[in-house]
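Given next are the chains, with one letter for each unit.
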Amino acid sequence: MKPRTRSRRNFLKASLAATLLPMPALAQNQPRVIVVGGGFAGATCARTLKRLVPVARVTLVEANSTFTACPFSNGVVTGLRDLRAQQFVYEALDRQGLSLAFLPATKIEPQARTVTLSDGTLLPYDRLVLAPGIDFRWGSPAGYDEAASARMPHAWKAGEQTLLLRRQLEAMEDGGLVAISAPPNPMRCPTGVYERASLIAHYLKTRKPRSKLIILDAKDSFPKQRLFQAAWQQLYPGLLEWVPLSNDGKVISVEPATNTLVTDFARHEAAVANVIPPQKAGVIAQAAGVADRTGWCPIDPATFESPLQRNIHVIGDAAISGAMAKSAFAANAQGKGCAAAIALMLAGETPGPGKLINTCYSLVAPDYGISIAGVYQVVNGQYVDVEGAGGTSLSDAPQETRAAEAKYAAAWFRTITAEVFG
Amino acid sequence: MIRKVTLPFGHWSLITGHWFAAACLFGHVVTAAAAPVVSPPGAASCTGCHAANAKIETGVPRIAGRNPAEIVAAMEAFRSGQKPATVMDRIAKGFSDAEIRAIAEWFGAEH
């Protein structure tokens, strides 16, 4: 095991105290909150809660001591950015007084209110926040499992997969076919597929202009579609083709040995195959019993508490949050909302529903940004769009607006990562 | 005694003192800092783009510490379409006068 510094000490102090002190005193005086998952939702929630309730003992459980962010990782895939620009550590959380446990959580017992870590450590909680992100439904498309992803990367969790897809694009000869298989909803970052396609098309246009890109899609529509398609026609005519579900777009199976994607009526043998598989809430959510038959986690929108397990809250991509897309912006906003709700609940209050915003930028070229925004309120127990608000960038916006939105996209990434990790 | 302000905009906006009061009742020593102060509806989302930390380089105007009247005026102008914008016109339309005022006061108080 790698040596651990202050984080480890905080963590040990936390578990030691938990063993020695009587539980009722702890629960009353120093409520114990565990957050599992240190991404945009979980890290935000843990930090916000500690600020709101300084006496709370907040423990963040996260398998990796370095976080690799997905937003902007399409820039890494296409050689515009270094992977290091995506990576963040948890030092600021440690300094803030959070306990950090860099181990996977393997078991959750809602009745006993404990989280078990992979080394057997048992952590008791008063409230638990699950922010596990997504996991893949391996085996869908048929033949696509973890081994296949080493040949046909998904690159939908940033890190080594992102670099693998980049290396494959760099190694591809001019004239090759790049194929992207896009899954049905719900999925993490639904517009990310089309941003990726755009930036790969930009890479091909500038570096390997005889190549072609095809998106095989299990959907018939996608957010910002008109803006994307207009930009593709303008910037990448004849280079990028989108094949919707109704035009035989759904990939049924894959053959990794030949890099082939199979649909109902066609076989596409690609030089580079990026298979983004169907998704579900992170596996620990299933283990905790907070995921329903859809594979995702229902929540009470006022508190993000699971209706399936008391004292467990779910935020970020894993949660069913109505009209809100599964984005980093949404995850961060939910993290703050959940922290506020827990602070009130610990104080004996009943939180009412809040209001949330989501803003998602996409780059269709390095200096060409478009956005979609939404404002959400709770109606009939679910987040729905506030009517008349939100929507996409204008379709007739001038080039200066597109350039400004590309700059705002970059500013957003700096801002949100500073708020969560800085 | 810790319950200083109660904003009429939903429970996330309450400044709570129950826990503190309960702790006093049972004789535990808890500092006044323990009373959670949470933001009015919508406000928590703003800092996703409007950096709370002044050191962040961004073309997005800071709203923390800004005069609430300025924030209200800007939001009203975004909402009516008077003030050109990339996204704020779309976002401002999602908030009522009372909600905008509460958010403006929250950020005006240096949050």
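Just so it is clear, the structure is predicted and the values come from calculations on it, not from any experiment.

Draft legend 1. Molecular detail of the overall build of chain A. When you go through chain A residue by residue, the secondary structure sums to 11 helices and 23 strands. Taken along its principal axes, the extent of the C-alpha atoms in chain A is 70 × 50 × 35 Å. Buried residues in chain A amount to 62% of all 422 residues. Relative to all contacts within chain A whose residues are 6 or more apart in sequence, the contacts with residues 24 or more apart total 66%. One way to put it: in chain A the 43 positive side-chain charges average out to a point 7 Å from where the 34 negative ones average out.

Draft legend 2. Up close: the packing of aromatic side chains. Residue and element names in this part refer to chain A. Under the criterion given, the structure shown has 18 aromatic pairs over all chains. Look at Phe40 and Phe421: their rings are 6.4 Å apart centre to centre, the planes differ by 70°, and that puts the pair in the edge-to-face class. One end of the pair, Phe40, is in helix H3 (residues 40-52); the other, Phe421, is in helix H11 (residues 399-421), with 381 residues separating them in the sequence. According to the relative accessible area criterion, Phe421 is buried, its value standing at 6%. Their ring planes at 35° and their centres at 5.9 Å tell us that Trp138 and Tyr144 sit as a pair that is tilted. Note on Trp138: relative accessible area 35%, which makes it partly exposed. Here the guanidinium or amino end of Arg81 rests over the ring plane of Phe413, the centre of that ring lying 5.1 Å away.

Draft legend 3. Fine view of the packing of helix H10 (residues 328-346) of chain A against H11(A). All names here are of chain A. Taken N-terminus to C-terminus, the directions of H10 and H11 make an angle of 30°; their axes are 11 Å apart at the nearest point. The way H10 lies across H11 gives a crossing that is left-handed. Contact residues: H10 offers Ala328, Phe329, Asn332 and Lys336, while H11 offers Trp412, Ile416, Glu419 and Val420. A class-by-class count of the residues in the contact of H10 with H11 yields 5 nonpolar, 1 polar and 2 charged.

Draft legend 4. Structural detail: helix H7 (residues 192-207) of chain A. All names here are of chain A. With 16 residues, H7 extends 22 Å from end C-alpha to end C-alpha; this agrees with the ideal 22 Å at 1.5 Å per step. With 12 of its 16 residues buried, H7 lies for the most part within the structure. Burial in H7 covers these residues: Gly192, Val193, Tyr194, Glu195, Arg196, Ala197, Ser198, Leu199, Ile200, Ala201, Tyr203 and Leu204.

Draft legend 5. A look at helix H8 (residues 225-235) of chain A. Residue and element names in this part refer to chain A. Those residues of H8 lying buried are Gln225, Leu227, Phe228, Ala231, Trp232 and Leu235. Buried residues in H8, looked at end-on, bunch into an arc of 165°, giving them a common side. Facing away from the buried side of H8 by more than 90 degrees, the exposed set consists of Arg226, Gln233 and Gln234.

Draft legend 6. Geometry of unusual backbone geometry. Residues and elements named next belong to chain A. With an omega of -5°, the peptide bond running from Ser140 to Pro141 counts as cis. Within the fold, Pro141 resides in the loop between strand E10 (134-136) and helix H6 (160-171). Look at the link from Asn185 to Pro186: it is a cis peptide, with omega at -5°. In this structure, Arg113 is a non-glycine residue whose phi angle is positive, near 55°. Turning to its location among the elements, Arg113 is positioned in the loop between strand E6 (105-109) and strand E7 (114-117). For Arg113, a relative accessible area of 29% puts it in the partly exposed group. The phi dihedral of Asp248 is positive, around 70°, even though this residue is not glycine.

Draft legend 7. Expanded view of the environment of Asp126(A). Residues and elements named next belong to chain A. Along the chain, Asp126 falls in the loop between strand E8 (122-124) and strand E9 (127-130). Here Asp126 falls in the buried class, since its relative accessible area comes to 9%. Between the C-alpha atom of Asp126 and that of Val33, which follows or precedes it by 93 residues, the distance is 5.9 Å. Within the structure, the side chain of Asp126 is placed 2.7 Å from the backbone nitrogen of Arg32, a separation counted as a polar contact.

Draft legend 8. Spotlight on the interface of chain A and chain B. Listed by partner, the interface residues are 53 residues for chain A and 39 residues for chain B. Interface area for chain A against chain B, summed over the two sides, is near 3700 Å², with a carbon-plus-sulfur share of 63%. If you look at where chain A meets chain B, you find 2 salt bridges. Note that Glu405(A) and Arg90(B) form a salt bridge whose closest N and O atoms lie 3.8 Å from each other. Counting across the chain A and chain B interface gives 11 residue pairs in polar contact (both at pLDDT 80 or more). Secondary structure elements with two or more residues in the side of chain A that touches chain B: helix H2 (23-29), H10, strand E20 (356-365), strand E21 (368-379), strand E23 (391-392) and H11 of chain A. For the side of chain A that touches chain B, the class distribution of residues is 30 nonpolar, 17 polar and 6 charged.

Draft legend 9. Structural context of the packing of H7(A) against H8(A). Residues and elements named next belong to chain A. Here H7 crosses H8 at 5°, and the two axes come no closer than 11 Å. Classified by the angle their axes make, H7 and H8 are roughly parallel. In this structure, H7 contributes Tyr194, Glu195, Ser198 and Lys205 to the contact, and H8 contributes Phe228, Trp232 and Leu235. A breakdown of the residues in the contact of H7 with H8 according to their chemical character gives 4 nonpolar, 1 polar and 2 charged.

Draft legend 10. The side chain of Glu99(B), seen in detail. Secondary-structure assignment places Glu99(B) in helix H5 (residues 97-108). Taking relative accessible area as the criterion, Glu99(B) reaches 18% and is therefore assigned buried. Those residues in contact with Glu99(B), other than ones at most four positions away along the chain, are Lys355(A) and Gly94(B).

Draft legend 11. Structural detail: the pairing of E21(A). All names here are of chain A. Across 9 bridges, the pairing between E20 and E21 is antiparallel. Looking at the pairing, Ile357 lines up with Val375 of E21. Where E20 folds back onto E21 in an antiparallel hairpin, the turn is made up of 2 residues. Inspection of the sheet shows E21 paired to E23 by 2 bridges, in the antiparallel sense. Across the sheet, the residue bridging to Ile372 is Thr392, located in E23. Taken together, the 4 bridges between E21 and strand E22 (residues 382-385) define a ladder with antiparallel strand orientation. In the strand pairing of E22, Val379 is matched with Gln382.

Here is what the cut-offs are and how they apply
- Residues numbered from 1 in each chain as written.
- Chains lettered and ligands numbered in written order.
- Predicted model: local features only at pLDDT ≥ 70, side-chain atom pairs only at ≥ 80, totals over all residues.
- Heavy atoms only, no water.
- Helix = DSSP H or I, 4+ residues; strand = E, 2+ residues; numbered from the N terminus.
- Buried < 20%, exposed > 50% of the residue type's maximum accessible area, 1.4 Å probe, protein only.
- Contact = heavy atoms within 4.5 Å.
- Lys, Arg positive; Asp, Glu negative; His and termini not counted.
- Charge placed at Lys NZ, Arg CZ, Asp CG, Glu CD.
- Phe/Tyr/Trp six-rings, centres within 6.5 Å; stacked < 30°, edge-to-face > 60°.
- Lys NZ or Arg CZ within 6 Å of the ring centre and 35° of its normal.
- Axes fitted to C-alpha atoms, helices over the stretch in contact; angles between N-to-C directions.
- Left-handed = near helix turned anticlockwise from the far one by under 90°.
- Nonpolar A, V, L, I, M, F, W, Y, C, P; charged D, E, K, R; others polar.
- Expected span 1.5 Å × (residues − 1).
- Arc of directions from axis to C-beta.
- Polar contact = N/O pair within 3.5 Å; in protein donor to acceptor, adjacent residues only side chain to side chain.
- Buried area = accessible area lost by both parts, 1.4 Å probe.
- Salt bridge = Lys/Arg side-chain N within 4 Å of Asp/Glu carboxyl O.
- Parallel < 35°, antiparallel > 145°, perpendicular 65-115°, else oblique.
- Pairing = 2+ DSSP bridges.

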